[in-house]
Number of protein chains: 2
Amino acid sequence: MNDLDQPARPRVGVVGLGAMGLGMARSLRAAGYDVGVHDLRSHVAEEFARDGGTAYASPGDLAADVDVLVGVVVNAAQVESVLFGEGDGDGGAARRLRPGAVYVMCSTVDPAWSAALEGRLAGLGVRYLDAPISGGVARAAAGELTMMTSGSAEAYALADPFLDAMSGTVYRLGDRAGLGSKVKIVNQLLAGVHIAAAAEAMALGIKAGVPAEALYEVITHSAGNSWMFENRMAHVLAGDYTPLSAVDIFVKDLGLVLDAARPEKFPLPLSATAHQMFLQASASGLGGEDDSAVIKIFPGIDLPQPHPAERSAEHPAEKEA
Amino acid sequence: MNDLDQPARPRVGVVGLGAMGLGMARSLRAAGYDVGVHDLRSHVAEEFARDGGTAYASPGDLAADVDVLVGVVVNAAQVESVLFGEGDGDGGAARRLRPGAVYVMCSTVDPAWSAALEGRLAGLGVRYLDAPISGGVARAAAGELTMMTSGSAEAYALADPFLDAMSGTVYRLGDRAGLGSKVKIVNQLLAGVHIAAAAEAMALGIKAGVPAEALYEVITHSAGNSWMFENRMAHVLAGDYTPLSAVDIFVKDLGLVLDAARPEKFPLPLSATAHQMFLQASASGLGGEDDSAVIKIFPGIDLPQPHPAERSAEHPAEKEA
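Conventions adopted
Residues numbered from 1 in each chain as written. Chains lettered and ligands numbered in written order. Predicted model: local features only at pLDDT ≥ 70, side-chain atom pairs only at ≥ 80, totals over all residues. Helix = DSSP H or I, 4+ residues; strand = E, 2+ residues; numbered from the N terminus. Rg over C-alpha atoms; globule rule 2.2 N^0.38 Å. Buried ≥ 20, exposed ≤ 12 C-beta atoms within 10 Å, placed from the backbone. Contact = placed C-beta atoms within 7 Å. Nonpolar A, V, L, I, M, F, W, Y, C, P; charged D, E, K, R; others polar. Least-squares fit on C-alpha atoms with pLDDT ≥ 70 in both. Arc of directions from axis to C-beta. Domains from an automatic or database assignment. Axes fitted to C-alpha atoms, helices over the stretch in contact; angles between N-to-C directions. Parallel < 35°, antiparallel > 145°, perpendicular 65-115°, else oblique. Pairing = 2+ DSSP bridges. Right-handed = clockwise from strand over helix to strand, strands pointing away.

*Asks:* Teacher, can you tell me more about the overall build of chain A here?
*Replies:* If you tally the helices and strands in chain A, you get 13 helices and nine strands. Taking 2.2 N^0.38 as the reference for a compact globule, 321 residues should give roughly 20 Å; the C-alpha atoms of chain A span a radius of gyration of 22 Å, in line with that estimate. If you line up chain A on its principal axes, its C-alpha atoms span 70 × 55 × 35 Å. Among the 321 residues that make up chain A, the fraction classed as buried is 52%. Pairs at least 24 apart in sequence give 66% of the contacts found in chain A among residues at least 6 apart.

Now the structure itself:
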């Protein structure tokens, strides 16, 4: 499809069209690239391609057609499946990528596993960027993600234009895989502890009889504030636990944080405590709710209820009320 | 001293000229008020008065001359001493304040104790504002503190102009004492947990081999950020543990948080864990260092050292280096 007089323009693919991956694929398309996509839910990929781009039936078929493959799947097991999975009958993406192509790994994973993956792919002639993402669904949709990346100069050389199209900020942390994932792990440590701390603080204030709205107003303008307090306690105020990021994500991510530190025998007292709080929430049946639902582990408090106007949107019969 | 044709202008006093109280007294003076001051270190009060205002030898003598007395002392025991202490031979400030005068209580204390103090002072005809402060020394000096206040309309009526002169933001949380202190306790819960979490996260990153400056740059632009991470980890990066707020302040304040919840049998897992971390730091001899020194409880990591240029400022012999 390329003009024979010009060098072929690098092509990009995205595997995993969840809330984050879909926003990133759209950002690439909006930047003018011909984007190939694959998702286990084939209708999601086809729906994306209706407005431009190409849907592929397997990661391997997609890999064979692109120079840079961006993987936006949930965890290391899914990355293994994408790259080396046999289920599709095509042997996975790693063996179908052309020599010199780049896999951009956007999942939150054990840094040691990510560092090892660089070597495994190098053995197949495939380059690798350790590139976890942060920023949430809204920023993914707006092309304003933060990426925490590390890898070889050769990998960056090919992937850079695509990273810039998907992200507001690309941190380049070094020339070996693992550093990006290490920084992401530290970020998740703080994010998880801050959500649990926000829940603990808000629960104490409500228990003590402080109006929740007043507490939110003061704390978000004081030294006790955090990005997560401001963001997640707004969900608690609204009584809306629709999962933007679920309790079970932090069961997983704080588990990764603890797993990453244990081989070094490094103590993480707050991470361990916060992890237990998310486990308690999940064991109570809250694993699929928004992570701010960790506040529900605190007994004997009256949490804010959804505003009548919001409830009526869910229950049309009440719309006239 | 007032013109007989005009109603007397309300007079204000400040007890306790530590870093916070001194800034607040200066802000009142800058706003044009004649400020009376007292401090146990009489030379500090006299030095303040040299540029305007009046130094008093005892809290009682000061109380007898003012309509609004602002108490900026360390804890409840010191408030008791100021208001009811017999040590000065004048019986303390509470009995010397004129009927209708207001005591503005700016310390961080048990909310139940603060609520009870309102009643004790009412028995002496003295009004009361529960008015803990937040924002640090720099904001105190600039008149840009946050005050978390509650109390009667009569108390506000007299104190309001002075509150506005000392503060960037005055939160008015209700008509009974205790609410201000409850919100302050929640803020201290978050502040203490966030400092300890920042230390834990930074320690893990350094242990994993991430350059501390890069980690700070990424986290302060990501969802893992907090006001305290951004503020306190700058001290760690500089290797400067000069106490702006000391480890032992959070030994005290997280202790207050836990004490406030225990009568309600309310669990605070993260606060309890963070309190243990500050206790460990204090027991290791770090109680007088900046609270960010809680990072030193993590063994086996190489913390950033002070920059040579900063060291040379302390050691003039090296200034030429």
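*Asks:* When you look at the interface of chain A and chain B in this model, what are you seeing that I'm missing?
*Replies:* Across the contact, 50 residues belong to chain A and 50 residues belong to chain B. Mapped onto the side of chain A that touches chain B, the elements with two or more residues apiece are β8 (145-151), β9 (167-172), α8 (179-207), α9 (212-219), α10 (227-238) and α12 (269-286) of chain A. The residue inventory of the side of chain A that touches chain B, partitioned by class, reads 32 nonpolar, 14 polar and four charged.

*Asks:* Hey, could you run me through the relation of the copies chain A and chain B in this one?
*Replies:* One chain copy maps onto the other through a rotation about an axis and a shift parallel to that axis. Its rotation angle being 180°, the transformation that places chain A on chain B also includes 0.0 Å of axial translation and leaves an RMSD of 0.0 Å. The transformation relating the two chain copies, once decomposed into turn and shift, fits a two-fold axis. Closest approach to the rotation axis within chain A is made by the C-alpha atom of A:Ser226, at a distance of 1.9 Å. Here 100% of the contact residues of chain A are again contact residues in chain B; the copies associate through an equivalent surface.

*Asks:* Quick question: what am I supposed to make of helix α9 (residues 212-219) of chain B here?
*Replies:* Note on helix geometry: an α-helix contains 3.6 residues per turn, so any two residues three or four positions apart are oriented the same way. Along α9(B), the residues that are buried comprise B:Leu215, B:Tyr216, B:Val218 and B:Ile219. Seen along its axis, α9(B) keeps its buried residues to an arc of 170°; they face one direction. Packing partners of the buried residues in α9(B) comprise β8, β9 and α8 of chain A together with α8 (179-207) and α10 (227-238) of chain B.

*Asks:* I keep staring at the domain arrangement of chain A and nothing clicks. Help me out?
*Replies:* As a measure of interface size, the accessible area lost when the parts come together is often cited. Residues and elements named next belong to chain A. Domain assignment breaks chain A into domain 1 (12-176) and domain 2 (182-312). For domain 1 versus domain 2, the separation of C-alpha centres amounts to 29 Å. Listed by partner, the interface residues are 10 residues for domain 1 and 12 residues for domain 2.

*Asks:* When you look at the environment of A:Pro211 in this model, what are you seeing that I'm missing?
*Replies:* Residues and elements named next belong to chain A. Relative to the helices and strands, Pro211 resides in the loop between α8 and α9. Exposure remark for Pro211: the 15 C-beta atoms within 10 Å place this residue in the partly exposed category. Along the sequence, Pro211 and Pro59 sit 152 residues apart, while their C-alpha atoms lie 51 Å from each other.

*Asks:* Where do I start with unusual backbone geometry in this structure?
*Replies:* Most peptide bonds take the trans configuration, and most residues that are not glycine carry a negative phi. The backbone phi angle of A:Lys265 is positive, close to 50°, even though this residue is not glycine. Tracing the backbone through its elements, the reader meets A:Lys265 in the loop between α11 (247-261) and α12.

*Asks:* I keep staring at the packing of α12(A) against helix α12 (residues 269-286) of chain B and nothing clicks. Help me out?
*Replies:* Angle between the axes and distance between the axes: these two values describe a pair of packed helices. Taken N-terminus to C-terminus, the directions of α12(A) and α12(B) make an angle of 170°; their axes are 9 Å apart at the nearest point. Regarding the angle of α12(A) to α12(B), the classification is roughly antiparallel. Contact residues: α12(A) offers A:Pro269, A:Leu270, A:Thr273, A:Ala274 and A:Met277, while α12(B) offers B:Pro269, B:Leu270, B:Thr273, B:Ala274 and B:Met277. Looking at the contact of α12(A) with α12(B) residue by residue, the class counts come to eight nonpolar, two polar and no charged.

*Asks:* Would you mind going over the pairing of strand β5 (residues 102-105) of chain B with me for this structure?
*Replies:* A regular strand places its side chains on the two faces of the sheet in alternate fashion. Residue and element names in this part refer to chain B. What you see with β5 is no split at all: Val102 and Val104 on one side and Tyr103 and Met105 on the other are buried throughout. As judged from the four bridges shared by strand β4 (residues 68-71) and β5, these two strands associate in the parallel manner. Looking across to β5, one finds that Gly71 is bridged to Met105. Pairing of β5 with strand β6 (residues 127-130) involves four bridges; the strand directions are parallel. Looking across to β6, one finds that Met105 is bridged to Asp130. Traced from β5 through helix α5 (residues 111-122) to β6, the parallel crossover comes out right-handed.

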